Amino acid sequence: MLLTGWMMSSCKKLIEIGPPKDQLMSNSVFLDSTTAEAAMIGLYANVANPNPGNDMGTSITMFNCLSADEAYGYSMNYYDDFTNNSLTPMIYYVDGLWSTTYKNVYIANSVITGLAGSPLSEAYKQRATGEAKFLRALCYFYLVNEYGAVPVVTATDVHITTSQARDNVDAVYDQIEKDLTDAQKVLPATLDIYGGKRIRATTWAADALLARVYLYRGKWQLAESTATAVINNPGLFSMNDSLNQVFLANNKEGILQFVNSITSSWIANSFVPSALSTTPKFVLKDGLYNDFEPGDKRKISWVGFKSYGGIDYPYPAKYRYMAGVGAVEYNQVLRLPEQFLIRAEARTQQSNYIQAAADINMVRLRAGLPNTKAADKPTLMAAIEHERRIEFFCEWGSRWLDLKRLPGINNPSTSRADEVLSQLKGSQWQSTDVLYPIPQSAINSNVNLTQNKGYF
């Protein structure tokens, strides 16, 4: 944990500030397998565990569900700038998400560079480099989806990083694909090396994220085949029959999970009101709550209620453990149902409607619902959007990213975000709100960074 603390304090804002003052990461750390492994664990810890406003999983989950049509803050109204889509480049949370994610990129770059010159075994270096590339790809996936075009930084040289301009979106995705395909080749295909736990990257985690990237880029055949590669491992991955167990540590639905550094769940602490509180923290919006079909078990298992003033307010309750229970719940980064829905969408786009419906039904069956009646492209795409909305509500920004990437139903020349959020939020919504602002502090420190449209 000492090394982890060093990395967290030393690796500051990558696009604004240079590398750590000393060369611990690139020299002595990778001379010894114990400290090299500690560096890898520290990289995971940095990605997974800082507080909201200064991390990935919890912040993305929280901020994106507010920006979309999923939830609003009740007692947590200091996040209202996300709910009202009224962010500015000066807001701390926008700055925190950007700077911490780039800090993680810097650590990954340092690990990759350090391992390249290390005397450790080639087998270890290849695997650890694959893990670092996977985590770098995960960081860039969310950077490009939250901020649009961003600098693709793969070096640790301060003379490069402090003046690098934004790369276009395709270039960012190209780097993500390269990192994931590189990782895919060298990561383990079993959980044995990790003691049977799902807490570090495998070739299947790389495949799962790569399938999502292919889907977002419209590479339908690759999205289908890559998702199929993950699905065709029932010995490793299967959907949990009990919805109450989906977010527990090491359950078979998880392709990759992040470990909480506290004796509870970060997300539960963010969403779930304590027994002593009189008001809810966050509340599901009526549109989402009412979109659950009658008999959907997910509504029973994943929605909690807080009574206040004679009203029962629904809130996200996928994660529940708040104190004193150990690491019972891990943060599900990638899980199996997404692969079925990725494949369903890819098959729909290739006019393979029968098999697409079969994939949708795999998710619906577990939820206690009948088979979908969708049978053509318009109805299947609507069914997939619905299942993604319900299955992944308030989870790693899934709904927010879907609204931004999908074309409008009534007007395909616009986005679903414009269709849905302009109706829900009225004048609070502008088309430029699909991207968060580049933090002003980053622009002040790098003259080659430019601001997103709609922000001043």
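Please refer to the structure higher up on the page.
In this report, the structure presented in the accompanying data block is examined. The model shown is predicted, which means the values in this text are computed figures rather than measured ones.

**Details of the packing of helix H16 (residues 377-391) against helix H17 (residues 398-405)**
Thought 1: The geometry of H16 relative to H17 is characterised by a closest axis approach of 9 Å and an angle of 155° between their N-to-C directions. Considering their axes alone, H16 and H17 lie roughly antiparallel with respect to each other. Packed against H16, whose contacting residues are Glu385, Arg388 and Arg389, the element H17 presents Ser398, Arg399, Asp402 and Arg405 at the interface.
Thought 2: For the contact of H16 with H17, a count of residues per class yields no nonpolar, one polar and six charged.

**Some remarks on unusual backbone geometry**
Residues apart from glycine generally show negative phi values, whereas peptide bonds are mostly found in trans.
Thought 1: If you check the backbone angles, Ser351 has positive phi at about 65° while not being a glycine.
Thought 2: Among the structural elements, Ser351 can be located in the loop between helix H14 (336-349) and helix H15 (353-366).
Thought 3: If you check the backbone angles, Trp396 has positive phi at about 55° while not being a glycine.
Thought 4: Mapped onto the elements, Trp396 comes out in the loop between H16 and H17.

**Section: the environment of Asp402**
Thought 1: For Asp402, the position within the fold is in helix H17.
Thought 2: Taking relative accessible area as the criterion, Asp402 reaches 3% and is therefore assigned buried.
Thought 3: For the pair Asp402 and Ala417, spaced 15 residues apart in the sequence, the C-alpha separation amounts to 8.3 Å.
Thought 4: Leaving out residues up to four positions away in the same chain, Asp402 has contacts with Tyr216 and Arg388.

**Looking at empty space enclosed by the protein**
Thought 1: Taken as a whole and assessed by the stated rule, the structure comprises three cavities of 30 Å³ or more.
Thought 2: For the largest cavity, the calculated volume is near 140 Å³.
Thought 3: Lining the largest cavity we find 15 residues, and of these Arg212, Glu338, Glu395, Trp396 and Ser398 sit closest to its centre.
Thought 4: Taken together, the elements giving at least two residues each to the lining of the largest cavity come down to helix H6 (122-147), helix H9 (203-216), strand E6 (331-335) and H17.
Thought 5: Its residues assigned to classes, the lining of the largest cavity comprises eight nonpolar, two polar and five charged.
Thought 6: Its residues assigned to classes, the lining of the second largest cavity comprises seven nonpolar, no polar and one charged.

**Points about the side chain of Thr83**
Thought 1: Relative to the helices and strands, Thr83 resides in helix H4 (residues 80-83).
Thought 2: A residue is classified by how much of its surface remains accessible, and Thr83, at 10% relative accessible area, is buried.
Thought 3: Among residues more than four places away in sequence, those in contact with Thr83 are Leu66, Tyr72, Gly73, Lys285 and Lys425.

**Looking at H14**
Thought 1: Taking 1.5 Å per residue, 14 residues should reach 20 Å; H14 reaches 21 Å between its end C-alpha atoms and fits that length.
Thought 2: A positive backbone phi angle near 65° is found at Ser351, which sits one or two residues after H14.

**Observations concerning the pattern of salt bridges**
In a structure, side chains of opposite charge can pair up when their charged atoms sit close to one another.
Thought 1: Using the criterion set out here, one finds 35 salt bridges in the structure.
Thought 2: Across the salt bridge formed by Asp359 and Arg343, the nearest N and O atoms sit 2.8 Å from each other. Note that Asp359 is positioned in helix H15 and Arg343 in helix H14, a separation of 16 residues in sequence. The residues Asp359 and Arg343 share a single accessibility class, namely buried.
Thought 3: Notably, a salt bridge pairs Arg366 with Glu391, separated by 3.0 Å at the nearest N-O pair. Of this pair, Arg366 sits in helix H15 while Glu391 sits in helix H16; the two residues are 25 residues apart in sequence, bridging distant segments of the chain. The two residues Arg366 and Glu391 agree in class, both being buried.
Thought 4: Within the structure, one salt-bridge network assembled from shared partners comprises Glu253, Glu293, Asp296, Arg298, Lys318, Arg335, Arg364, Arg366, Glu387, Glu391 and Glu395.

**Some words on the nonpolar core**
Thought 1: Phe134, Ile176 and Phe258 are the most contacted members of the largest nonpolar core, which has 131 residues in total.
Thought 2: Ranked by residues supplied to this core, first place goes to H6 with 14 residues.
Thought 3: Excluding residues that lie within four positions of it along the chain, Phe134 makes contacts with Leu180, Ala183, Ala201, Ala205, Ala206, Leu209, Leu256 and Leu334.

**Concerning the pairing of strand E4 (residues 303-308)**
Thought 1: In this structure, E4 lies alongside strand E5 (residues 311-316), joined through six bridges in antiparallel fashion. If you follow Gly304 over to E5, its bridge partner there is Tyr315.
Thought 2: Counting the residues in the hairpin turn of E4 and E5 gives two residues, including Gly309, whose phi is positive at 60°.

**A short note on the packing of aromatic side chains**
Thought 1: For the coordinates displayed, the defined rule picks out 25 aromatic pairs.
Thought 2: Taken together, a centroid distance of 5.8 Å and an interplanar angle of 50° make the contact between Phe63 and Tyr79 tilted. Linking Phe63 in helix H3 (residues 57-67) with Tyr79 in the loop between strand E1 (71-73) and H4, this pair joins segments that are 16 residues apart in sequence.
Thought 3: With a relative accessible area of 7%, Tyr79 lands in the buried category.
Thought 4: Geometrically, the ring pair formed by Phe247 and Tyr319 is tilted, given 4.8 Å between the ring centres and 55° between the ring planes. Here the residue Phe247 occupies a position in the loop between helix H10 (220-231) and strand E2 (254-258), and Tyr319 occupies one in the loop between E5 and E6, the gap between them amounting to 72 residues.
Thought 5: The class for Tyr319 is buried, based on a relative accessible area of 4%.
Thought 6: Positioned over the ring face of Tyr289 is Lys299, at 4.2 Å from the centre of the ring.
Thought 7: The ring of Phe393 carries the charged tip of Lys318 above its face, separated from the ring centre by 4.4 Å.

**Examining the state of the cysteines**
Thought 1: Using the criterion set out here, one finds zero disulfides in the structure.
Thought 2: Here Cys394 is not cross-linked by a disulfide; its sulfur's nearest cysteine counterpart is in Cys65, at 4.0 Å.
Thought 3: Note on Cys394: relative accessible area 5%, which makes it buried.

What counts as what
- Residues numbered from 1 in each chain as written.
- Predicted model: local features only at pLDDT ≥ 70, side-chain atom pairs only at ≥ 80, totals over all residues.
- Heavy atoms only, no water.
- Axes fitted to C-alpha atoms, helices over the stretch in contact; angles between N-to-C directions.
- Helix = DSSP H or I, 4+ residues; strand = E, 2+ residues; numbered from the N terminus.
- Parallel < 35°, antiparallel > 145°, perpendicular 65-115°, else oblique.
- Contact = heavy atoms within 4.5 Å.
- Nonpolar A, V, L, I, M, F, W, Y, C, P; charged D, E, K, R; others polar.
- Buried < 20%, exposed > 50% of the residue type's maximum accessible area, 1.4 Å probe, protein only.
- 1 Å grid on protein atoms, 1.4 Å probe; cavity = no way out; pocket = protein on both sides within 12 Å on 5 of 7 lines; lining within 4 Å.
- Points joined across faces, edges and corners; volume = space filled by probe spheres on them.
- Expected span 1.5 Å × (residues − 1).
- Salt bridge = Lys/Arg side-chain N within 4 Å of Asp/Glu carboxyl O.
- Core = buried A, V, L, I, M, F, W, Y, C linked by side-chain atoms within 4.5 Å.
- Pairing = 2+ DSSP bridges.
- Phe/Tyr/Trp six-rings, centres within 6.5 Å; stacked < 30°, edge-to-face > 60°.
- Lys NZ or Arg CZ within 6 Å of the ring centre and 35° of its normal.
- Disulfide = S-S within 2.5 Å.

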